[in-house]
Amino acid sequence: MTKTIRQSLLTTLFMALVVSACSSSPTGRKQLVLKSDAELEQEGTRQFRALQEQVPLVKNGNTIDFVACVADAIVGELEGDYADLYWELAVVDQPDVNAFVMPGGKIVVKAGILGIVENQHQLAAVLGHEVAHVTAHHSNERASRAMLAGVGIDVAAILLGGGYSNQTRGAYEALSAGASLGIMNPFNRKQETEADVVGLEYMARAGFDPRESVALWKIMNEKNKTNIPEYMSTHPSGETRIENLVAQYPKALALYNEAQAQGKNPNCDR
Ligand SMILES: [Zn+2]
């Protein structure tokens, strides 16, 4: 193969990778999705299993039923591939006010947050938000950005005519380590807003009162003044977040009323 053909082949491969990578999120935002979902889902499942082995889990049946009831109602509203995903839940017996999700639909709720939520609707606000991070491909988007930086290094190394120098190899490994640790890192502001909007829709469709999401954020903001809940450190709130949610009320309330009319009236209270 001549050098010219080899180079143009590389360019074509690279272009194909970038072109096939353009996707759009549930709110129509353009996203870069380079990683395979299956790969991330496998990694999410692996991390979830490790967590289940390493942390104390809540044993109280009523508490587990409460969280599972709300999670089931939310997940029950999903369609397509995400409805088929093997969603799992771990209720962790730790006082942290926190909840998060891992690729593959692995939801983690820490007991502390159950002491903050006043009712099923507020827990639905938290879980709707977390489920939306999954259906909006947020982990993939984040891992893809790191990967794209890695690809840049690979292509550069190839075009420079060598394999990996020690230097590029070190940089590449640092990036991959970052990408894998990225599963637990906070999402960015745009992704948080998107998870709020999509999550509000999920809770309303399931028959939970969307206005309780704002009530929850107000409670969190109040707690924030004395002792910052962990959830608030990864989910910076404040007036902007509340205003964004209130702006979604017309649509969310219409969906909520529709759900009520269809007899969707979850009864998950403790
Ligand atoms: Zn979030």
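Refer to the structure printed above.
Keep in mind that this is a model prediction, so the values were computed, not measured.

(A) Main features of the overall build of the chain. Tallying secondary structure elements over the chain gives 13 helices and five strands in all. For the chain, with 270 residues in total, the buried portion stands at 45%. Roughly 13900 Å² of accessible area belongs to the chain as shown, and the carbon and sulfur atoms make up 54% of that amount.

(B) Representation of helix α13 (residues 249-261) within the structure. The first and last C-alpha atoms of α13 sit 18 Å apart over 13 residues, in line with the 18 Å expected at 1.5 Å per residue. Burial in α13 covers these residues: Y249, A252, L255, Y256 and A259. Here the buried residues of α13 occupy an arc of 135 degrees about the axis, which is enough to place them on one side. Among the exposed residues of α13, those pointing more than 90 degrees away from its buried face are P250 and A261. G263 sits one or two positions beyond α13 and adopts a positive phi of about 80 degrees.

(C) Highlighting the pairing of strand β4 (residues 99-102). The alternating pattern of β4 places A99 and V101 on one face and F100 and M102 on the opposite face, and all of these are buried. Sheet topology places β4 next to strand β5 (residues 106-110); four bridges connect them, and they run antiparallel. Looking across to β5, one finds that M102 is bridged to K106. Counting the residues that bridge the hairpin from β4 to β5 gives three residues, and of these G104 lies at a positive phi of roughly 95 degrees.

(D) Fine view of the pattern of salt bridges. Evaluation of the coordinates by the stated rule reveals nine salt bridges. We note a salt bridge from R205 to E201, for which the minimum N-O separation is 2.9 Å. With a gap of four residues between them, R205 and E201 both fall in helix α9 (residues 189-205), about one helical turn apart. Take E201: its relative accessible area is 18%, and that puts it in the buried class. Through salt bridges with shared partners, a single ionic network connects R49, E88 and K106.

(E) Summary view of the packing of aromatic side chains. In total, this model carries zero aromatic pairs according to the counting rule given. Lying across the ring of W217, R241 places its NZ or CZ 4.1 Å from the centre.

(F) Representation of the nonpolar core in the model. One finds V70 and I113 to be the most contacted residues of the largest nonpolar core, which totals 51 residues. Here this core takes eight residues from helix α6 (residues 120-135), the largest share from any one element. In this structure, F48, A90, V92 and F100 belong to the second largest nonpolar core, which totals seven residues.

(G) Molecular detail of the packing of α6 against α9. The interhelical angle for the contact between α6 and α9, taken along N-to-C directions, is 120 degrees, at an axis separation of 7 Å. Comparing their axes, α9 and α6 come out oblique. Considering how the two elements wind past one another, α6 and α9 form a crossing that is right-handed. Along its contact with α6, which presents H121, A124, A125, G128, H129, V131, A132, H133 and T135, the element α9 presents Q191, E192, A195, D196, V198, G199, Y202 and M203. By residue class, the composition of the contact of α6 with α9 is eight nonpolar, seven polar and two charged.

(H) Representation of the side chain of R241 within the structure. Along the polypeptide, R241 turns up in helix α12 (residues 239-247). Here R241 falls in the buried class, since its relative accessible area comes to 6%.

(I) Spotlight on the layout of surface pockets. In this model, the largest pocket occupies a volume close to 480 Å³. Looking at the lining of the largest pocket, the elements with two or more residues in it are α2 (37-54), α4 (81-84), α9 and α13. The greatest single-element share of the lining of the largest pocket, amounting to five residues, is contributed by α9. Of the residues in the lining of the largest pocket, the class split is nine nonpolar, four polar and 10 charged.

What counts and how
- Residues numbered from 1 in each chain as written.
- Predicted model: local features only at pLDDT ≥ 70, side-chain atom pairs only at ≥ 80, totals over all residues.
- Heavy atoms only, no water.
- Helix = DSSP H or I, 4+ residues; strand = E, 2+ residues; numbered from the N terminus.
- Buried < 20%, exposed > 50% of the residue type's maximum accessible area, 1.4 Å probe, protein only.
- Areas by Shrake-Rupley, 256 points an atom, 1.4 Å probe, with all protein chains shown as cover.
- Expected span 1.5 Å × (residues − 1).
- Arc of directions from axis to C-beta.
- Pairing = 2+ DSSP bridges.
- Salt bridge = Lys/Arg side-chain N within 4 Å of Asp/Glu carboxyl O.
- Phe/Tyr/Trp six-rings, centres within 6.5 Å; stacked < 30°, edge-to-face > 60°.
- Lys NZ or Arg CZ within 6 Å of the ring centre and 35° of its normal.
- Core = buried A, V, L, I, M, F, W, Y, C linked by side-chain atoms within 4.5 Å.
- Axes fitted to C-alpha atoms, helices over the stretch in contact; angles between N-to-C directions.
- Parallel < 35°, antiparallel > 145°, perpendicular 65-115°, else oblique.
- Left-handed = near helix turned anticlockwise from the far one by under 90°.
- Contact = heavy atoms within 4.5 Å.
- Nonpolar A, V, L, I, M, F, W, Y, C, P; charged D, E, K, R; others polar.
- 1 Å grid on protein atoms, 1.4 Å probe; cavity = no way out; pocket = protein on both sides within 12 Å on 5 of 7 lines; lining within 4 Å.
- Points joined across faces, edges and corners; volume = space filled by probe spheres on them.

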